[in-house]
Amino acid sequence: MSDLTLIIGNKNYSSWSLRPWFWMKYHNIDFEEKRIPLFTETTNTQLENYYSNYKVPVLLDGEFIVWDSMAILEYLAEKFPQHKGWPENSEDRAMARSMCAEMHSSFTAMRDELPMNCRKTFASIKLSNDASKDIERITALWRYFRKRYVDKGPWLFGHFSIADAMYAPVVLRFKGYGIALNEVEQKYCDHVFSHKAFIKWYESGKQESEIINAME
Ligand SMILES: N[C@@H](CCC(=O)N[C@@H](CS)C(=O)NCC(=O)O)C(=O)O
């Protein structure tokens, strides 16, 4: 039995939970999954002991607690160096970290206006200028890195890295909200969507029945 437990929120809605989950599943890391539906009467009580300010994801390694998606991914990359969480070359690694930090700290308009929701597809959505700019920035990043590393493999930096895990929920959002993409970004999204672990999360999310009105 593994010492690792990943505490996640609803698969339908919890984009931050998807990130470390996808990375762990991609690498076939053995872990227990504990799902705590968000914004219910018991959510905070269930999250009380994890020191995460009542947020998910949280990783437990035995008694040890790590919270916040980026910190969890960094911890996992150190614990499983064979999986190469970051690119090997220091400049590539710096760029991968830059784009992950940007995902973690930015794109608020896109996140607010396009909340992740596996169950729904939206026919047309009117975006604010800020959300459109966020989407342009994300697609520009993807295009840049895909073109740069096209010969190394199908992921952002060629091989699967933390950057792909960090941007995975954006792929789901772009599909659900029917965001028009150019060929390079569309190919990248299709590749993410073809991975069995990603599909598994998406299908499980669709099966969930809890409704969080603010995210509908
Ligand atoms: N920066 C944090 C964000 C965590 C976060 O906001 N998680 C959401 C779910 S996706 C949550 O727990 N929301 C519940 C709340 O805010 O009470 C991370 O990267 O893990």
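Residues numbered from 1 in each chain as written. Predicted model: local features only at pLDDT ≥ 70, side-chain atom pairs only at ≥ 80, totals over all residues. Heavy atoms only, no water.

## Some points on the sheet that holds strand 1 (residues 4–8)
Here's step 1: Pairing is mixed in the open sheet, where four strands are placed in the order 2-1-3-4. Whereas interior strands pair on both sides, the edge strands pair on one side only; in this sheet they are strand 2 (32–35) and strand 4 (64–67). Each strand axis lies, on average, 20 degrees off the axis of its neighbour in the sheet, ignoring direction.
Here's step 2: Examined bridge by bridge, strand 1 and strand 3 (residues 58–61) share four bridges and lie antiparallel to one another. Bridge pairing links Thr5 to Leu60 in strand 3.
Here's step 3: The strands that helix 3 (residues 69–79) touches are strand 1, strand 3 and strand 4; relative to strand 4, the one it contacts most, it runs at about 125 degrees. (Pairing = 2+ DSSP bridges. Helix = DSSP H or I, 4+ residues; strand = E, 2+ residues; numbered from the N terminus. Axes fitted to C-alpha atoms, helices over the stretch in contact; angles between N-to-C directions. Contact = heavy atoms within 4.5 Å.)

## Quick notes on the packing of aromatic side chains
Here's step 1: A complete count under the given rule lists 19 aromatic pairs for this structure.
Here's step 2: When the ring of Tyr51 is compared with that of Trp67, the centres are 5.3 Å apart and the planes differ by 75 degrees; the resulting orientation is edge-to-face. With Tyr51 in the loop between helix 2 (43–47) and strand 3 and Trp67 in strand 4, the pair connects residues that are 16 residues apart, well separated along the chain.
Here's step 3: The exposed category is assigned to Tyr51, whose relative accessible area is 66%. (Phe/Tyr/Trp six-rings, centres within 6.5 Å; stacked < 30°, edge-to-face > 60°. Buried < 20%, exposed > 50% of the residue type's maximum accessible area, 1.4 Å probe, protein only.)

## Considerations on helix 7 (residues 162–176)
Here's step 1: Between the first and last C-alpha of helix 7 there are 23 Å, a value that for 15 residues agrees with the 21 Å anticipated at 1.5 Å per step.
Here's step 2: Residue Ala168 marks the point of greatest curvature in helix 7, where the axis turns by about 40 degrees; the proline Pro169 follows within four residues.
Here's step 3: With 14 of 15 residues buried, helix 7 is to be regarded as a mostly interior element.
Here's step 4: Residue Gly178 follows helix 7 closely and has a positive phi angle near 60 degrees. (Expected span 1.5 Å × (residues − 1). Bend = angle between axes of the 7 residues up to and from the residue.)

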